[in-house]
Structure formats: structure tokens, C-alpha cells
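# Summary of the model geometry
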Amino acid sequence: MSNPNPYYPKSGGSGGGGGFMASQGSQASPGGSAQRVANAPALRPVTIRMLQKADHATGDSDSAFSIDGIPLQNLTLVAEVLRVEPGDTNRRYGIEDSTGEIDARCWLDAASVKGDMAHITDGSTVRIVGTLKVFNNKRSINAAHIRLVTDQHEVYYHKLDVMATILQHRYGLTNNNTGNAAAPMTGSSTAAAYAHAGPSSQVAAISSRFVHLGSPHRLICEFLAGHPSMGNGGADVKTIVNGIKHLSNANSAEIALALDQLMEQGLIYNTADDTTYDLVE
Amino acid sequence: MSSRQRSSTTTTESTGITAPEVSSAQLGSYVGRTVSLTVKILQLLGDRAIIEACDGGQLEVSLRSCPDVHLSNPYAYIKCHVNGPNAVTLLSAKDLGNLNFPVGLVDEMVKMTHEPRFKEYFWGNKKAQ
């Protein structure tokens, strides 16, 4: 799917040339997997309110919704069915969770009509996986998957899932890796720690661009983004290392590797010489 | 940053039915509105019931609007209209059976959804929508 989003790296391609070649074989897989995660259609738990309030890049088609700057691709939510409008080729459900209401359209095939979907009626609680569409300024969900919620605990779980994901997008994953988003909400005290340690608003706005990167990649990008010489020559390796020393215990070899990978992904490029880097705008 | 214009319809249009989930302590701020509550059914008294909300606050719920509703023990997820800080009228109920975790956790969750950092994603910051 075409991805005009400047946040995510374009497919492959070492950036900028210069002296750094993708020569080290071990680079290929960590860089590659980070890139795959960045481009993977992530499944985002949402509330209906979030869908109604999602930003829509005007002039573009359905695939341009974003929430807090993160592009919205696949979504999942838990809601109650208000009404079912049957049809030949598809079924339209009016759904609401306590935050709002929206239509969800589910395309039928022979198997689904007789199976689970037969049990979905007014008042059913359902789990939907789908994408957000808009037609005539009215938003609706294209439900790829819809099923009955049998355990009411799932409703509570979903609200917590929404909040946990919001925090992850805002402050990054708790571990260094882009690995699976299983950082649990261990309670308000931990979450409050995130809030207090939160960066200044300028860096917070920028860091949402890099949350999918692991450390020290994200730290490097954030440091460059906040550095006064960004866009104007960039910073050299020593400055970068000193800049993130207090935030990361990566050694210089790891930082060098991270810089190479970031260049490979097209996020940074060499400016004055091989050891000076700047962020790609 | 890429251009990120808000489509004009989203900022002014309401999101439809909202029935914020609240604790009993917050009912005072939602008088005249519909809210959702996770409650424990304490007593059924014909056209009323005594219920306990997730924060332990007990209140009376009028069943006049739902004469046929079947409130089973012990827990239910109800939508009701708030007449006053301690008086609500039932609109709909969903049976939860037994919760396999202490109901205090629901209270924690509800409090979190009302925190400034999350409120916009759930209930919005305006008082009446």
C-alpha cells in the first residue's frame, strides 16, 4: 500500500551515500526487522470517540486517518450493537460504546452468514477488527472481522488496552525493543511516573515520530531533532554520544551501529563529513 | 510534520450517544445526563433497587422506565439517567455475573478514563455533548 507518510522509511535503500555502506552483514536483519515493524499495519485499540475525532488529512482518501500523529491503519474495538441492517452482500451494524456511535459494515460470504454472525443482534456486545472509512463526510468502519464478546470482562480489558496504547505511543515502549507491545499497565503510580518524567512539549511532539524505534535509535533521533543545528549542518558523532549518554547506556559501538541503521532507513544523513549527521526532514 | 488538517465536521459534530462511565462520587457533575455504571445489585424493591457503584457508594435506582428488566446478582453494567447526585433512573442493564477481580479495579479504571490525559479519548472535555 502506498505510504506517503514521511515518518516511516521508504522501502530499503541506504540513505545519503557518503562513506557509510551497509557493509556489515549483521546490520541487515536488525535494520530490516525494525523497518518491517515500522511499516507493519499495526492493530490499534480505539474507542469510537477516537475514530470520530481522528485527524483526516483532507484531500486524501480513506487511508489518511491518524490519531495523535500516528497513522491509523487497522483498528480494534469492543462495542454494543444498536441495530442490524441486513443485506444481500453486506450487513450494517450501528454500534456504540459509551464514548460514541458509528456504523460498521461487514461484507458477507456464505460461511459467515450461517456462522457466528447469525448470533449478532441488538444488544450484543461485539469485538470488531477493521479500518476506518469515510463517505460523504460520514465515517464508518469496514469490519474485516466481527465476533460476539462472550466474556464481559473483555469490555473492561479493551478500555485498559486503549489507555495502555495511548501511553505507549506517547512515551515509547518500556523496553529497548520494538518487540511486542506487551507493556502492561501496572497501576496508576507507574503511569504517573511516565507523566512526570515526560519530556517538554516540544520534544513530546517530536518523539511521537520515533516511538517505533528502539533505543538508542529513538534517543539519537530525538537528540538531533532538538539540537539547535538541526537542519543546519547537524551534529557530529561525539556530540550525539555526549547528548544521549545520560539517557542510554549504549556503548560507542552500539551507537555507531544505530547511526548506520538510521541512515539505512533514511532517517538521518551525512552532512559536512562522514561523522556528522542530521535528521531527514 | 505532514499536513494534518482537522476535517471541519469532526470538531463540531458530536460523536453520538455518550454515556460516560462514572463512579457514584461523580454523579453530581452529570445531573441531567446519561451515564454508565458498573454496579452491584444489593436489593430489589419492586420499582426501585439499591445498588452499590464501583467506588462503594450506595444509591437508589428507579426502575420505572424499565419495568421488565431483569437485574440479576451480583453485578451489572447499567446505563441510567441522572436525576440528582443520588437519584438515577435505569435505562438499560447488562448482566455481568461475577467479576473475577475486585470491583475496586473498575473504580481505578474509571478514575483513569477521567484523568485529563485520557479524558479526551473517552468522554471529551466538554460538559454537555
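Up top is the structure.
Our subject in this report is the structure included herewith. Residue numbers run consecutively from 1 along every chain, following the written order of its sequence. Each chain is given a letter, starting from A, and each ligand a number, starting from 1, according to the order in which they appear as written. Local features are withheld for residues below a pLDDT of 70 in this predicted model, meaning they are given only at 70 or higher, and side-chain atom pairs are given and counted only at 80 or more; totals for whole chains, interfaces and linings count all residues. The side-chain figures draw on all heavy atoms in the structure; neither hydrogens nor water molecules are used.

Here a Phe, Tyr or Trp ring, Trp counted by its six-membered ring, pairs with any other such ring whose centre lies within 6.5 Å, and the pair is stacked when the planes are under 30 degrees apart, edge-to-face when over 60, and tilted otherwise. Considering all chains together, one arrives at 3 aromatic pairs over all chains under this definition. Relative to B:Phe101, the ring of A:Tyr156 lies with its centre 6.1 Å away and its plane at 80°, an arrangement referred to as edge-to-face. Of this pair, A:Tyr156 sits in helix α4 (residues 153–171) while B:Phe101 sits in the loop between β5 (87–97) and α2 (103–113), placing the two residues on different chains. Ring centres 5.6 Å apart and planes at 45° place the aromatic pair B:Phe122 and B:Trp123 in the tilted group. Each member of the pair, B:Phe122 as well as B:Trp123, carries the same accessibility label: buried. One aromatic cluster is present, built from ring pairs that chain together A:Tyr156, B:Tyr77 and B:Phe101. Secondary structure elements follow DSSP: runs of H or I no shorter than four residues count as helices, runs of E no shorter than two count as strands, and numbering proceeds from the N terminus. Exposure classes here rest on a 1.4 Å probe applied to the protein chains alone. A residue is buried below 20% of its type maximum, exposed above 50%, and partly exposed in between.

Okay, the side chain of A:Asn270 next. Residue and element names in this part refer to chain A. As for its placement among the helices and strands, Asn270 is situated in strand β11 (residues 268–270). Exposure remark for Asn270: the relative accessible area of 13% places this residue in the buried category. A polar atom in the side chain of Asn270 sits 3.2 Å from the backbone oxygen of Asp274. Any pair of N or O atoms that falls within 3.5 Å is considered a polar contact. Within protein, one atom must be able to donate a hydrogen and the other to accept it, and sequence-neighbouring residues count only if both atoms are side-chain atoms.

Pairing between side chains of opposite charge can happen when their charged atoms approach one another. We define a salt bridge as a side-chain nitrogen of Lys or Arg found within 4 Å of a carboxyl oxygen belonging to Asp or Glu. Enumeration according to the criterion identifies 13 salt bridges over all chains in this entry. Two residues, A:Arg49 and B:Glu120, come together in a salt bridge whose shortest N-O distance is 2.8 Å. With A:Arg49 in helix α2 (residues 48–53) and B:Glu120 in helix α3 (residues 116–122), this residue pair bridges two chains. The shortest N-O distance in the salt bridge between B:Arg48 and B:Glu60 comes to 4.0 Å. Of the two residues, B:Arg48 is situated in strand β2 (residues 48–53) and B:Glu60 in strand β3 (residues 58–62); the sequence distance between them amounts to 12 residues. Given the relative accessible area of 33%, B:Arg48 is considered partly exposed.

For the rest of this paragraph, the subject is the sheet that holds strand β10 (residues 235–236) of chain A. All names here are of chain A. Taking strand neighbours across the sheet as the criterion, the 3 strands line up as β10-β12-β11 in an open arrangement whose pairing is antiparallel. Of all the strands in the sheet, just β10 and β11 have a single pairing partner and so form its edges. Direction of pairing for β10 relative to strand β12 (residues 276–279): antiparallel, over a ladder of 2 bridges. Within β12, the position partnered with Asp236 by the bridge is Thr276. Residue contacts are counted whenever heavy atoms from the two residues lie within 4.5 Å of one another. Here an angle of 0 to 180 degrees is reported between the N-to-C directions of two axes, which are lines fitted to C-alpha atoms, with helices fitted over the stretch in contact. Its contacts with the sheet place helix α7 (residues 217–226) against β10, β11 and β12, and it is angled at close to 80° to β12. Being paired, for any two strands, means DSSP has found at least two bridges between them.

Residues and elements named next belong to chain A. Viewed as axis vectors pointing N to C, α7 and helix α9 (residues 252–264) meet at an angle of 75°, and their least axial separation amounts to 9 Å. When the axes of α7 and α9 are compared, the pair comes out roughly perpendicular. Two secondary-structure elements touch here, α7 through His217, Ile220 and Cys221 and α9 through Ile255, Ala258, Leu259, Gln261 and Leu262. Partitioning the contact of α7 with α9 into residue classes produces 6 nonpolar, 2 polar and no charged. Should an angle fall under 35 degrees it is called roughly parallel, over 145 degrees roughly antiparallel, and 65 to 115 degrees roughly perpendicular, with every other angle called oblique. Gly is placed with the polar residues, together with every amino acid not listed as nonpolar (Ala, Val, Leu, Ile, Met, Phe, Trp, Tyr, Cys and Pro) or charged (Asp, Glu, Lys and Arg).

With that out of the way, let us pick up the pairing of β2(B). All names here are of chain B. Where strand β1 (residues 34–45) lies against β2, 6 bridges are found, and the strand directions are antiparallel. Residue Leu45 lies in a different strand from β2, and its bridge partner there is Arg48. Pairing between β2 and β3: 5 bridges, direction antiparallel. In the strand pairing of β3, Ile50 is matched with Glu60. The hairpin formed by β2 and β3 contains 4 residues between the paired strands, and Gly56 there has a positive phi angle of roughly 90°.

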